[in-house]
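Spelled out, the chains give:
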Amino acid sequence: MLGRQLLVLGCSDRKRGVSDLLPAIDRYDGPYYRVLRNYLREHDWPRNLSVAVLSAEYGLVGGLTRIKDYNKRMTRSLALGKAEDCCKTLSAWACNHDSVILSLGNDYMPALEKVTEGALRSKTSVFEGGIGEKQSQVKSLLHASGASERRVAVHPKAGSGKVSYFLPDWDDLLDANFDFRTDRFSGASRTERNDKHCSILMKPERMCDGILVSLAQHLSGKGPLRRFVGSDESSLAPIDLRSRFGLADDQSLFGDCGAFSYANEEEPTISIEQAVALYDLHGFDFGASVDHIPVPYVTTESGKRLLTEAERSERVQLTKDNAAAFITTAKRRKAGFLPVGTIQALTPEGFISNVRLYHEMGYRHLAIGGLVPLADTAVEAIVTAVMSEASQLSPRPWVHLFGVFRPKLQAKFRELKVDSFDSATYFRKAWLRSDQNYLAPDGSWYAAIRVPMTSDPRTLKRLQEDGADVRLLQAQEAEVMRLLCRYDRDEADLEETLNAVLSYDAQLTRSSDSRSLKEKYQATLQKRPWRDCRCPFCREQGIHVLIFRGCNRNKRRGAHNTLMLYGSLGQQI
């Protein structure tokens, strides 16, 4: 079995001449990079392979590092000037690799000679010969990796009447070994903890037909698509998203742009080239075109500003123009994902005309955006219009609804044969509502029992500012948790447990009506709905799933709610 290999490629004069930031291996268009991209069209990224680039502009960077276009040629003197930083970076990366392979021209070698002829000499090899010979050696290295053939995206049958559900991911990882008894993580940081996505921890139960991942995550510092700095070792190879989410062969990866995250901007912060590159590089099955939501107003530093009808119409037109360019770019680059045309409009009639327009562009998968802030009546009118138009087209397009579930409209959606939707509503209800935090198997909602953590920095600061007796509160907190666990084991009285919860809660000056709170908590404790659920979280953690306290309880409850939602769609749970 091959050990971990770090392949270092020299940059190329030939580049994709777009102004947007692109991953380095997508920015360069020389022979090595074409060989790599051709290989990745047919295979998964080799699990043992990391790729770095030695750039005349940026120095030594990971292959996934997003870089701008530039015009600079590597020289021996330039390489020598970058040697100190490059050698330091390579030495750090090499610690976690069994071998380092250099495919570099003579002008590049001075940047790495010191370390490869010294400390890394035993694990370094160099591809020799001309460009053609090195190109052949890169190709041979890739084919020797034993990577699996790239998954062919499953083309869903449109209008079958079976609705698919995609769970939006926002880096919702859980500590698989979290200690609920002591409220302690299994490690001090994420890298030290056994963090897993909730869909993995929920197994063997299935909670979705796939995961929706937003490219907007790359705008932040978290998530599998986050923006890397050049020396970040995570930039050397893409995360295996299917493994990260524990997806089965019949579950899909769906990428979208996360348009709500840039709704206040004049233009989308994600370009067409970026979207196509990221969807393709990370192995998505479906990739949505770059849209811009025609929101009624934007939030600026000076407050809210209403958009004119003309401004909103411009966003709709931009979305259409982007859709046309997106599918053209995906086809030109022979991308491995299925393009999904995202539609925005101001009226039901506008959506109807766009459905036909997108179909003429070549889209066989459509997504309806901008529905989240609308009332049920408006959503129903738009979806009815869209599905009526879609049913008249041949082939009939597959239609996805972005961000909406709408329980009251589910019967209508089924009647119209909507193909799929995504929604995080039930997941987020676990901590965003005061009374509907836990969905029981019988369809009833229950309030989670709030036991705030005095160790939370914000809570502790507020208590200290209020002059509260923190030690006394900590003792009460521990007693409440002890009583709740004893109550779950039938060792404590309901009234005693409920009074302890309410007494502690009152000390933290909650604003909710105490009588209403008592009634909600009493219903939860009397019914003990967790005992009727067979999901892994309820079976293993019991009452802890009903305790509103920290992300590891709250997000497990959210995952439970999502499982219940999935079951309500007629899927087996």
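Residues numbered from 1 in each chain as written. Predicted model: local features only at pLDDT ≥ 70, side-chain atom pairs only at ≥ 80, totals over all residues. Heavy atoms only, no water.

Student: Lay out the packing of helix α2 (residues 31-42) against helix α5 (residues 131-143) with the relevant residues and their values.
Tutor: Relative to each other, α2 and α5 sit at 25°, their axes nearing to 9 Å. The orientation of α2 relative to α5 falls into the category roughly parallel. Every pair of crossing elements has a handedness; the one defined by α2 and α5 is right-handed. On α5, the residues touching P31, Y32, V35, L36 and Y39 of α2 are I131, K134, Q135, V138, K139, L142 and H143. Class assignment for the residues of the contact of α2 with α5 results in 8 nonpolar, 2 polar and 2 charged. (Axes fitted to C-alpha atoms, helices over the stretch in contact; angles between N-to-C directions. Helix = DSSP H or I, 4+ residues; strand = E, 2+ residues; numbered from the N terminus. Parallel < 35°, antiparallel > 145°, perpendicular 65-115°, else oblique. Left-handed = near helix turned anticlockwise from the far one by under 90°. Contact = heavy atoms within 4.5 Å. Nonpolar A, V, L, I, M, F, W, Y, C, P; charged D, E, K, R; others polar.)

Student: How would you sum up the nonpolar core? Please name residues and give values.
Tutor: In this structure, F254, Y279, I368, V383, L401, Y438 and L484 are the most contacted members of the largest nonpolar core, which totals 117 residues. Of the residues forming this core, the biggest block, 7 residues, is contributed by helix α15 (residues 470-488). Core analysis: the next-biggest nonpolar cluster, separate from the first, contains 51 residues, I25, V53, V61 and V115 among them. (Core = buried A, V, L, I, M, F, W, Y, C linked by side-chain atoms within 4.5 Å. Buried < 20%, exposed > 50% of the residue type's maximum accessible area, 1.4 Å probe, protein only.)

Student: Kindly report on the sheet that holds strand β4 (residues 59-62), identifying the contributing residues and their values.
Tutor: Across the sheet, 5 strands lie side by side as β4-β3-β1-β6-β7; this open sheet has mixed pairing. This sheet does not close on itself; its edge strands, each paired only once, are β4 and β7 (124-126). Adjacent strand axes in the sheet meet at a mean angle of 25°, parallel and antiparallel pairs treated alike. Relative to β7, strand β6 (residues 99-103) is paired through 3 bridges, and the arrangement is parallel. Residue pairing across strands places V100 opposite T124, the latter belonging to β7. Strands β1 (5-10), β3 (49-55) and β6 of the sheet are contacted by α2, whose axis makes an angle of about 135° with β1. (Pairing = 2+ DSSP bridges.)

Student: Explain the packing of helix α13 (residues 425-432) against helix α19 (residues 550-568) to me, and be specific about the residues and the numbers.
Tutor: Close contact between α13 and α19 brings their axes to 7 Å; oriented N to C, the two are set at 140°. In terms of axis orientation, α13 runs oblique to α19. When the axes of α13 and α19 are compared, the crossing they make is right-handed. Of the residues in α19, those in contact with Y426, F427, A430 and W431 of α13 are N554, K555, R557, G558, A559, N561, T562 and L565. Split by residue class, the contact of α13 with α19 holds 6 nonpolar, 4 polar and 2 charged.

Student: Let's hear about the pattern of salt bridges: which residues, and what values?
Tutor: Inspection of the entire model under this criterion finds 35 salt bridges. Residues D466 and R462 are paired through a salt bridge, measuring 4.0 Å at the closest nitrogen-oxygen approach. Judged by relative accessible area, which is 54%, D466 ranks as exposed. Residue classification places R462 among the partly exposed positions, given a relative accessible area of 31%. Shared partners join several salt bridges into a network, and the residues in it are R16, D26, E273, R332 and R333. (Salt bridge = Lys/Arg side-chain N within 4 Å of Asp/Glu carboxyl O.)

Student: Kindly report on the sheet that holds strand β19 (residues 420-422), identifying the contributing residues and their values.
Tutor: What the 8 strands build is a closed barrel, ordered β8-β11-β12-β13-β16-β17-β18-β19; its pairing is parallel. In this sheet, adjacent strand axes meet at a mean angle of 25° when their direction is disregarded. Alignment of strand β17 (residues 365-368) against strand β18 (residues 398-401), held across 4 bridges, turns out to be parallel. Following the sheet pairing, A367 is matched in β18 by H400. Against the sheet, helix α9 (residues 309-332) engages β13 (286-288) and β16 (338-343), with an angle of about 175° to β16.

Student: So what's going on with the packing of aromatic side chains? Residues and values would help.
Tutor: Under the definition given, this model contains 21 aromatic pairs. Relative to F286, the ring of F254 has its centre 5.8 Å away and its plane inclined at 55°; by these criteria the two rings are tilted. With F254 in strand β12 (residues 252-256) and F286 in strand β13, this pair connects stretches of sequence that are 32 residues apart. Look at F286 and you get buried, because its relative accessible area is 2%. Through successive ring pairs, a cluster of aromatic residues spans Y165, F405, F421, Y426 and W445. (Phe/Tyr/Trp six-rings, centres within 6.5 Å; stacked < 30°, edge-to-face > 60°.)

Student: I'd like a description of α13, backed by residues and values.
Tutor: Among the residues of α13, those classed as buried are Y426, F427, R428, K429 and A430. The elements touched by buried residues of α13 are β8 (164-169), α6 (198-201), β20 (438-439), β21 (445-446), β23 (547-548) and α19.

Student: Give a detailed account of the environment of R226, specifying residues and quantitative values.
Tutor: Topologically, R226 is positioned in the loop between β11 (210-214) and α7 (241-245). Classification of R226 as partly exposed rests on a relative accessible area of 21%. When the C-alpha positions of R226 and L215 are compared, they lie 8.6 Å apart, and in sequence the two are 11 residues distant.

Student: How would you summarise the environment of P268 if you had to cite specific residues and measurements?
Tutor: Within the secondary structure layout, P268 lies in the loop between β12 and α8 (272-281). For the pair formed by P268 and L318, sequence separation is 50 residues and the distance between their alpha carbons is 9.4 Å. Every residue in contact with P268, bar those within four places of it in the chain, is listed here: Y262, V290, D291, H292, L318 and N322.

Student: Let's hear about the pairing of β11: which residues, and what values?
Tutor: The side chains of a regular strand alternate, first on one face of the sheet and then on the other. With 5 of 5 residues buried, β11 lies mostly within the body of the structure. Every second residue of β11 is oriented toward a common face, with G210, L212 and S214 on one face and I211 and V213 on the other, all of them buried. Where β8 meets β11, 4 bridges bridge the pair, whose relative direction is parallel. Residue pairing for β11: L167 is matched across the bridge by I211. As paired elements, β11 and β12 share 5 bridges and run parallel to each other. Paired with G210 across the bridge in β12 is S252.

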